[in-house]
Amino acid sequence: MRLILGSASPRRKELLAQIGLVPDAVLPPDIDETPRRGELPRPYCARMAAEKAAAVTAGPDDVVLCADTTVALGRRILGKPADAGEAAAFLTLLGGRRHEVITAVAVRRGTRMWTREVVSVVKFKRLSDPELNAYLASGEWQGKAGGYGIQGLAGAFVPWMQGSFTGVVGLPVAETAALLHAAGWPVWRVA
Ligand SMILES: Cc1cn([C@H]2C[C@H](O)[C@@H](COP(=O)(O)OP(=O)(O)OP(=O)(O)O)O2)c(=O)[nH]c1=O
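Every chain's residues receive numbers from 1 upward, in the order its sequence appears when written. Totals for whole chains, interfaces and linings use all residues, but because this is a predicted model, local features are given only for residues with pLDDT of at least 70 and pairs of side-chain atoms are given and counted only at 80 or more. The side-chain quantities take in all heavy atoms of the structure and omit both hydrogens and water.

The next subject is the site of the ligand. Taken together, the neighbourhood of the ligand is formed by 20 residues, with Ser7, Ala8, Arg12, Lys52 and Lys80 sitting nearest. Between the ligand and Ala8 there is a distance of 2.7 Å, counted from an oxygen atom to a backbone nitrogen or oxygen. Considering the ligand on its own, with 600 Å² of exposed area, one finds that the protein chains cover 95% of that surface. Secondary structure follows DSSP: runs of H or I at least 4 residues long count as helices, runs of E at least 2 residues long count as strands, and numbering of each begins at the N terminus. With three residues, strand β3 (residues 63-73) is the largest single contributor of residues to the shell around the ligand. Near residues are defined by distance, with any heavy atom within 4 Å of the molecule or strand qualifying the residue. We call two N or O atoms a polar contact when they sit within 3.5 Å, provided that within protein one can donate a hydrogen and the other can accept it, with sequence-adjacent residues counted only if both atoms are side-chain atoms. In short, Shrake-Rupley with a 1.4 Å probe defines the accessible areas, and a residue's cover is counted only from the protein chains shown.

With that out of the way, let us pick up the UniProt feature "site: Important for substrate specificity" (unreviewed entry) in the chain. The sites that carry the UniProt feature "site: Important for substrate specificity" (unreviewed entry) are, in the present numbering, Arg11, Thr69 and Gln151. On the basis of their most widely separated C-alpha atoms, the annotated residues across 141 residues gather in one place, lying no more than 14.1 Å apart. You can see Arg11 is positioned in helix α1 (residues 10-18). Contacts are assigned to residue pairs with any non-hydrogen atoms lying within 4.5 Å of each other. Dropping the residues within four chain positions of it, Arg11 is found in contact with Gly143, Lys144, Gln151 and Val169. Turning to its location among the elements, Gln151 is positioned in the loop between α4 (129-138) and β7 (160-162). Three exposure classes are used, based on accessible area relative to the maximum for each residue type with a 1.4 Å probe and protein chains only: buried under 20%, partly exposed in between, and exposed over 50%. Residue classification places Gln151 among the partly exposed residues on the basis of a relative accessible area of 37%. Beyond its immediate sequence surroundings of up to four residues, Gln151 is in contact with Arg11, Lys144, Phe165 and Val169. UniProt positions are given in the numbering used here, feature names are shortened, and annotations may be inferred rather than shown by experiment.

What follows deals with the confidence of the model for the chain. Confidence of the predictor at the level of single residues is given by pLDDT, which spans 0 to 100. Confidence in the prediction for the chain averages 97 pLDDT; 100% of positions are at 70 or higher. Both confidence scores are given for the complex: pTM 0.97, ipTM 0.98.

Quick look at the UniProt feature "active site" (unreviewed entry) in the chain now. Per the UniProt record, the feature "active site" (unreviewed entry) sits at Asp68. When you line up the elements, Asp68 lands in strand β3. On the accessibility criterion, Asp68 (4% relative accessible area) is buried. With near-sequence residues (within four places) excluded, Asp68 lies in contact with Arg12, Glu33, Tyr44, Cys45, Met48, Ala49, Lys52, Ile102, Thr103 and Ala104.

What follows is about α1. All of the buried residues in α1 are Arg12, Leu15 and Leu16. Viewed along the axis of α1, the buried residues span an arc of 105°, placing them on a single side of the element. Turned more than 90 degrees away from the buried face of α1, the exposed residues are Glu14 and Gln18. Summarising the contacts, the buried residues of α1 are in contact with β1 (3-5), α2 (41-55), β3, α5 (165-169) and α6 (173-182). Following α1 by one or two positions, Gly20 adopts a phi angle in the positive range, close to 80°. Read the arc as the range of directions from the helix axis to the C-beta atoms.

The rule for a salt bridge is simple: a side-chain nitrogen of Lys or Arg has to be within 4 Å of a carboxyl oxygen of Asp or Glu. Counted by the stated rule, this structure contains eight salt bridges. Of the charged contacts, one joins Arg47 and Glu39 as a salt bridge, the two residues approaching to 2.7 Å between their closest N and O atoms. The exposure classification of Arg47 matches that of Glu39, with both residues buried. In this structure, the salt-bridge partner of Glu131 is Lys125, at a minimum N-O distance of 2.7 Å. Looking at Lys125, the relative accessible area reads 30%, which means it is partly exposed.

Below, the structure is given as structure tokens:
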């Protein structure tokens, strides 16, 4: 039995390490992350996590862990910005309002799958031009849903949030520990 992290996200590996777990292998899946026409953020996010878990090659007894983080502004999905222009557009949309950050976690062992979705609400302050420009120049928007990382500089834009901080960063550790335990992984083994 191996623990396989199916993710290219360095955050997910760090968050797993936070609860004392080091994967035996890291095998990032390659799936099409295009939303379906009219697909709502929450079902999209759940579908992405499940498709990632299904796409990782693993033995029948291996435990595969995958996740997807989606930023939702109402019915709109804000994915990972393609370039600085799109990041600027996303951050301008997010400024001065609340949005949802959904992280879906999928754990697979053989043909069985355990899943959870964790929804958090994040409030952004209204962003000034110097704030927006400095953030874009930092490059921290790259590879992050909605074009920001709450764990970095963008933490200064968030006066309030409700939900799971680790979920917003990419892997809600409480729910992840529970799913891994359900799948039979010894999360609470005494060292
Ligand atoms: C909102 C937010 C997202 N993110 C990151 C977490 C995820 O890595 C990323 C969302 O993209 P994902 O598609 O969830 O993940 P990924 O492409 O980085 O990695 P993989 O699919 O291989 O697991 O955004 C933060 O780091 N901080 C934040 O505050």
